[in-house]
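Report on the structure
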Amino acid sequence: MIAVIPARGGSKGVPGKNLARVGGIPLIQRAVLSAVDSGAVDDVYVSTDDPSIAAAAQQAGAKVIERPEELAGDTATSEAALLHALNALQSLGTVPEVLVFIQATSPFIASSDIAKAVHRVLSGGEDVVFSAIETHAFLWEQSPGGAVGVNHEHSYRPRRQDRTPNYQETGAFYVMNVSGFIQREFRFFGHVGLQVAEHETAALEIDNPSQLEIARECAHIFDNDRHRFDIDALVMDFDGVHTDDLVSVDQTGLESVRVSRSDGMGVEMLRKIGLPMLILSKEKNPVVAARGKKLQVDVIQGIDDKAKSLTDWCNQQAISLHRVAYVGNDVNDIQCLELVGWPVVVPNSHPALAKYARVRLRAPGGRGAIREISELILASRKEN
């Protein structure tokens, strides 16, 4: 059983769409993770002509099939990309029985839906199973004589519970028997079945900027099951994360901030499991270094380029940025949030950070945010 995700680099509706982040994760990586997490496929392949997409796919655990230029244009069909991928695999001696065709433009694919669909095709009961949602919508079409009901008689208006449901194709995934697909060269053939999605969010496809923004706004609601912190390091801003972003100033100009003892306990728990941690701050106030010393955490402060400092520190620690959680709260954290695999924001952060966040904490900065992420990390370690 294999999954193939076609992802060309030349999107026009949303430039760079397959690398656009939703919930802090590039769309191509979300698709790869949905397949991997299903536990129903042996390998995940991304068919692409774009080196950046290829790199992101590999980072998420996929293998890459280089798509030729003639199959990367606007007129190339998904079926053509899938057949090319199968031919490439067969030339290497891989002959899969089941093919899962996943589209990265669907950001909210439940891995359990993929697993169920694969099982149905593998059992031989169906040749194709595709993702769909149930709908009771009244559908209409235009005609020369006016609008006409498609799935209902417009002179009769039954209650929702009295209507037979229809099913809308989501475009998220299609599971196919490989031999049948190769013979027909089209995604629908033989006995076709519906895999009704667990959540209606499966119907959201990203084809324009507005849909991308909707997905970003909804991600923190629908991605709760993705909050499994598989990380090797935690990096934190100071003001607004370890503090509530407020400062007290006395008559002499002396500044002071408040921190949370609960956060300190969270850091101590992470230190006990040996997790590397860093406080990264543009602030030059000595209180940052003092707090770092108290917590026994590395501190880099008084720097203008936080992204460079983060990258340099990770290189020194031999830690991949993809396996780093970064907690930020303001616009000067955006570059760091874009670099790491686990971008995290506090609830009182600047609104511009929302679209970069993979996780939005519930506890505010300076009032338990670090304790919250510490417990999430510890819980993830126990699960694994």
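Residues numbered from 1 in each chain as written. Predicted model: local features only at pLDDT ≥ 70, side-chain atom pairs only at ≥ 80, totals over all residues. Heavy atoms only, no water.

**Some points on the packing of aromatic side chains**
A complete count under the given rule lists 6 aromatic pairs for this structure. Aromatic pair Phe101 and Tyr174: ring centres 5.4 Å apart, planes at 20°, arrangement stacked. Of this pair, Phe101 sits in strand E6 (residues 98-102) while Tyr174 sits in strand E10 (residues 166-177); the two residues are 73 residues apart in sequence, bridging distant segments of the chain. Here Phe101 and Tyr174 have matching classes, each one buried. Between Tyr174 and Phe188 the ring centres are 5.9 Å apart and the planes differ by 75°, which places this aromatic pair in the edge-to-face class. With Tyr174 in strand E10 and Phe188 in the loop between helix H5 (178-184) and strand E11 (192-196), the pair connects residues that are 14 residues apart, well separated along the chain. Phe188 sits in the partly exposed class, given a relative accessible area of 27%. For the cation-ring pair, Arg187 lies above Tyr174, with the distance from its terminal atom to the ring centre recorded as 4.8 Å. The aromatic ring of Trp342 is capped on one face by Arg358, whose charged end is 3.5 Å from the ring centroid. (Phe/Tyr/Trp six-rings, centres within 6.5 Å; stacked < 30°, edge-to-face > 60°. Helix = DSSP H or I, 4+ residues; strand = E, 2+ residues; numbered from the N terminus. Buried < 20%, exposed > 50% of the residue type's maximum accessible area, 1.4 Å probe, protein only. Lys NZ or Arg CZ within 6 Å of the ring centre and 35° of its normal.)

**Structural notes on helix H9 (residues 306-317)**
Compared with the 16 Å implied by 1.5 Å per residue over 12 residues, the 16 Å span of H9 between its first and last C-alpha is a close match. All buried positions along H9 are accounted for by Lys306, Ala307, Ser309, Leu310, Trp313 and Cys314. Each buried residue of H9 sits inside an arc of 165° when the element is viewed along its axis, so together they form one side. Those residues of H9 that are exposed and aimed more than 90 degrees away from the buried face are Asn315 and Gln316. Buried-residue contacts for H9 involve strand E12 (233-236), strand E15 (277-281), strand E16 (298-301), strand E17 (324-328) and helix H10 (334-339). (Expected span 1.5 Å × (residues − 1). Arc of directions from axis to C-beta. Contact = heavy atoms within 4.5 Å.)

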